[in-house]
Amino acid sequence: MENDGNQKKKKFKVIPPPYRIKMVERIEMTTKEIREKAMEKASYNTFLLPADLVYIDLLTDSGTTAMSSNQWSRMMLGDEAYAGSKSFDRLDGAVKEIYGYKYVVPTHQGRAAEHLMSRILIKPGDYVPNNMYFTTRRAHQEMAGATWIDVSIDQAHEPTSNHQFKGDIDLKKLKTLIDEVGAEKIPYMSIEANINMGGGQPFSMRNLKALKILCDKHQIPVMLDGTRLVENAYFIQQREMGYKVKSIKKIVKEICSYTNGATVSGKKDALVNIGGFLACNDEDLFTEVKSLVVVFEGLHTYGGLAGRDLEAMACGIHEMVDDNHIAARVNQIEYLGNKLLEANVPIVKPIGGHGIFLDAKRFLPHIPQKYYPAQALTAALYIVSGVRGMERGIVSAGRDPETREERKPKLELVRLAVPRRAYTNTHMDVVAEGIIELHNIRKKISGLKMTFEPKQLRFFQAQFKPLKNELIQK
Ligand SMILES: *Cc1c(COP(=O)(O)O)cnc(C)c1O
């Protein structure tokens, strides 16, 4: 699975996107002085910056998609009936056709589906195994009283490992957990497609099949985080034996067939600005979700969304499995990643499906983890280039719910997530230039101390101050 040499020799080929641009949105370049002031005012947290002071916004690829002309026209057909809307039928049909699950409940976004699933399936004292963690998914597992257990392979935590399927489950770790706590204490196996915190890394079909067999043996349902399922399917198509000839649509369906249900944020692969859903094959779970969704989201045929949002998501679900679309999408990330690798900027390898991840531990070896190197690097990148990214390291990892100690993840990263269909490769050139400029002055960047820490998902609103007078020394 390790084929470092191979990748280097291959010449990079640009795959053009299967669309042209019909409408544009103006963005403004600011000066370094303006950005320095803005970053200080935002307490060195890029979540607290006003968006109009950002030139190229790679904070997240969530809800930042450019919708297609088809999606916009379908929004006019949104059926806003409170109950039994036609737009729900079209979403229900799209999920059944593309994912293949029997039952569908819309939610306003992914974490709402995670909330419902965790509340229904988890009892206090349970254990939920995961391939690494996603922030909202783990938060809902822990708030429902479960202990989060990482059963990802060791290579997932090694930024320099070129393992092709870092999203794989270490089945030995899972077996050990089952032996230690008993299958009845494991309400479900949580598996995330194209693990976000690991750098946008896929699991293999081979590993998923083996996982399903093991879980079936112990009657543990496999619940997918299908938010980045299409990107994962693309890597399976490109990297796994026997899948080159299969369409993304077929691979997506095959993945789902080895799972019992999924929570999905429509704001990523499904190409919408808002929306999500929970889908499953178990009728009892469906019944429980339907009765809980009315308390937190809305009736089970709209789940907190307008009819037009259901309509746009139904359309996006069909568009996301277009082979040409996903090839161009991932290729754009590779275009950016290769430029950085050529300039010896330390990034997570292999290049991920939704963004590139700067390795702050190697970028800023002079800043110990307790002074939040990835947070400092994110802030410095904005000041130098006007590009906005997000910390994915010790700040995002938060605290252990029992000991209240800071979790110290091996990966200390800055994520630059590329919105779908929104930027051109020329923008990627500008991003690469900014990062390379920052890399040249890296020794001048200082660490941060935290001055305000929110109770939940602290990375969104935490505030910081530079250890020295300025973040970037003159
Ligand atoms: C974004 C995301 C979620 C949460 O979805 P929201 O729509 O932001 O609530 C869950 N899992 C993964 C992998 C994500 O990337």
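How each quantity is defined
- Residues numbered from 1 in each chain as written.
- Predicted model: local features only at pLDDT ≥ 70, side-chain atom pairs only at ≥ 80, totals over all residues.
- Heavy atoms only, no water.
- Helix = DSSP H or I, 4+ residues; strand = E, 2+ residues; numbered from the N terminus.
- Rg over C-alpha atoms; globule rule 2.2 N^0.38 Å.
- Buried < 20%, exposed > 50% of the residue type's maximum accessible area, 1.4 Å probe, protein only.
- Contact = heavy atoms within 4.5 Å.
- Areas by Shrake-Rupley, 256 points an atom, 1.4 Å probe, with all protein chains shown as cover.
- Lys, Arg positive; Asp, Glu negative; His and termini not counted.
- Charge placed at Lys NZ, Arg CZ, Asp CG, Glu CD.
- Domains from an automatic or database assignment.
- Buried area = accessible area lost by both parts, 1.4 Å probe.
- Salt bridge = Lys/Arg side-chain N within 4 Å of Asp/Glu carboxyl O.
- Nonpolar A, V, L, I, M, F, W, Y, C, P; charged D, E, K, R; others polar.
- Patch = residues over 30% accessible without salt bridge, like charges linked within 9 Å, V, L, I, M, F, W, Y side chains within 5 Å.
- Expected span 1.5 Å × (residues − 1).
- Near = heavy atom within 4 Å.
- Polar contact = N/O pair within 3.5 Å; in protein donor to acceptor, adjacent residues only side chain to side chain.
- Pairing = 2+ DSSP bridges.
- Axes fitted to C-alpha atoms, helices over the stretch in contact; angles between N-to-C directions.
- Parallel < 35°, antiparallel > 145°, perpendicular 65-115°, else oblique.
- Left-handed = near helix turned anticlockwise from the far one by under 90°.
- Core = buried A, V, L, I, M, F, W, Y, C linked by side-chain atoms within 4.5 Å.

Caption draft 1: Representation of the overall build of the protein chain in the model. Each helix and strand counted, the protein chain has 17 helices and 14 strands in total. Relative to a compact globule of 474 residues, whose C-alpha radius of gyration would be 23 Å, the protein chain shows 22 Å and is just as compact. Based on the C-alpha atoms only, the size of the protein chain along its principal axes is roughly 65 × 55 × 45 Å. Here the protein chain, with 474 residues, has 58% of them falling under the buried criterion. Partitioning the contacts of the protein chain with sequence separation of at least 6, the portion at a separation of at least 24 is 73%. Carbon together with sulfur atoms contributes 52% to the accessible area of the protein chain, which is approximately 20,200 Å² in total. On the protein chain, the mean spot of the 67 positive side-chain charges and the mean spot of the 57 negative ones are 4 Å from each other.

Caption draft 2: How the structure looks around unusual backbone geometry. Cis geometry marks the peptide bond from Lys349 to Pro350, where omega comes out at -15°. Positionally, Pro350 belongs in the loop between helix H13 (323-342) and strand S9 (355-359). Unlike most non-glycine residues, Tyr44 shows phi in positive territory, near 60°. Following the sequence through the fold, Tyr44 ends up in the loop between helix H2 (32-41) and strand S1 (56-57).

Caption draft 3: The arrangement of the domain arrangement of the protein chain in detail. Domain assignment breaks the protein chain into domain 1 (7-61 + 323-466) and domain 2 (69-320). The interface of domain 1 with domain 2 comprises 39 residues on the first partner and 45 residues on the second. In total, domain 1 and domain 2 occlude about 3,100 Å² of area from one another, counting both sides; carbon and sulfur atoms represent 53% of this. Notably, a salt bridge pairs Asp269 with Arg420, separated by 3.3 Å at the nearest N-O pair. When contributions to the side of domain 1 that touches domain 2 are tallied by element, the ones reaching two or more residues are H13, S9, helix H16 (394-397) and strand S12 (413-417). Per-element accounting of the side of domain 1 that touches domain 2 gives the leading share, seven residues, to H13. Residues of the side of domain 1 that touches domain 2, tallied by class, amount to 16 nonpolar, nine polar and 14 charged.

Caption draft 4: Representation of the pattern of salt bridges in the model. Evaluated as defined, the whole model comprises 29 salt bridges. Salt-bridge contacts for Arg420 lead to Asp61; the nearest nitrogen and oxygen are separated by 3.2 Å. With Arg420 in the loop between S12 and helix H17 (425-440) and Asp61 in the loop between S1 and helix H3 (69-75), this pair connects stretches of sequence that are 359 residues apart. With a relative accessible area of 1%, Arg420 lands in the buried category. Asp61 gets classed as buried once you look at its relative accessible area, which sits at 0%. Across the pair Asp154 and Lys173 runs a salt bridge, and its minimum N-O distance is 2.8 Å. With Asp154 in the loop between strand S4 (147-150) and helix H7 (171-181) and Lys173 in helix H7, this residue pair connects regions lying 19 residues apart in the sequence.

Caption draft 5: Representation of a nonpolar patch on the surface in the model. Together, Tyr19, Ile21 and Val24 line one region of the surface with nonpolar side chains, adding up to about 340 Å² of accessible area. With respect to the helices and strands, the residue Tyr19 is situated in the loop between helix H1 (4-9) and H2. Judged by its relative accessible area of 36%, Tyr19 falls in the partly exposed class.

Caption draft 6: Layout of helix H15 (residues 373-385). The first and last C-alpha atoms of H15 sit 18 Å apart over 13 residues, in line with the 18 Å expected at 1.5 Å per residue. Most of H15 sits out of view: 13 of its 13 residues are buried. Two residues or fewer past H15, Gly386 is found with a positive phi of approximately 80°.

Caption draft 7: Quick look at the site of the ligand. The full set close to the ligand counts 14 residues, and Gln109, Arg111, Asp225, Ser265 and Lys268 are the nearest of them. One of the side-chain N or O atoms of Gln109 is found 2.8 Å from an oxygen atom in the ligand. A distance of 2.6 Å separates an oxygen atom of the ligand from a polar side-chain atom of Ser265. Top element by residues in the shell around the ligand is helix H5 (residues 110-121). It accounts for three residues. Residue composition of the shell around the ligand, by class: one nonpolar, six polar and seven charged.

Caption draft 8: Spotlight on the side chain of His140. The topology assignment puts His140 in helix H6 (residues 135-143). The contacts of His140, once residues within four sequence positions are left out, are Arg111, Glu114, His115 and Ser118.

Caption draft 9: Quick look at the sheet that holds S9. Pairing is antiparallel in the open sheet, where three strands are placed in the order S9-S12-S11. Whereas interior strands pair on both sides, the edge strands pair on one side only; in this sheet they are S9 and strand S11 (390-392). Strand-to-strand twist of the sheet, defined as the mean angle between neighbouring strand axes without regard to direction, takes the value 35°. Here S9 runs beside S12; their pairing, made up of five bridges, is antiparallel. From the neighbouring strand, Asp359 faces S12, where its bridge partner is Leu413.

Caption draft 10: Molecular detail of the packing of H15 against H17. Between H15 and H17, the shortest axis-to-axis distance is 9 Å and the interhelical angle comes to 115°. Here H15 lies roughly perpendicular to H17, going by the angle between them. Here H15 and H17 pass one another in a crossing that is right-handed. On H17, the residues that touch Leu377, Ala380, Leu381, Val384 and Ser385 of H15 are Gly434, Ile435, Glu437 and Leu438. Along the lines of polarity and charge, the residues of the contact of H15 with H17 split into six nonpolar, two polar and one charged.

Caption draft 11: Looking closely at helix H9 (residues 229-239). Along H9, nine of the 11 residues are buried, which leaves the element largely enclosed by surrounding structure. Among all positions of H9, only Leu229, Val230, Glu231, Asn232, Ala233, Tyr234, Phe235, Ile236 and Gln237 are buried. Looking at the packing, one finds that the buried side of H9 touches helix H8 (205-217), strand S6 (222-225), helix H10 (248-257), helix H12 (307-320) and H13.

Caption draft 12: Layout of the nonpolar core. Within the largest apolar cluster, 61 residues are counted, with the highest numbers of intra-cluster contacts made by Tyr99, Met189, Leu224, Ile255 and Ile317. Two domains each put at least three residues into this core: domain 1 (7-61 + 323-466) and domain 2 (69-320). The residues touching Ile255, leaving out its near neighbours within four places in the chain, are Phe203, Met205, Leu208, Leu224, Leu229, Asn232, Ala233 and Ile236. Counting residues in each nonpolar core, the second largest holds 52 residues, with Leu336, Phe363, Val384 and Ala432 among its members.

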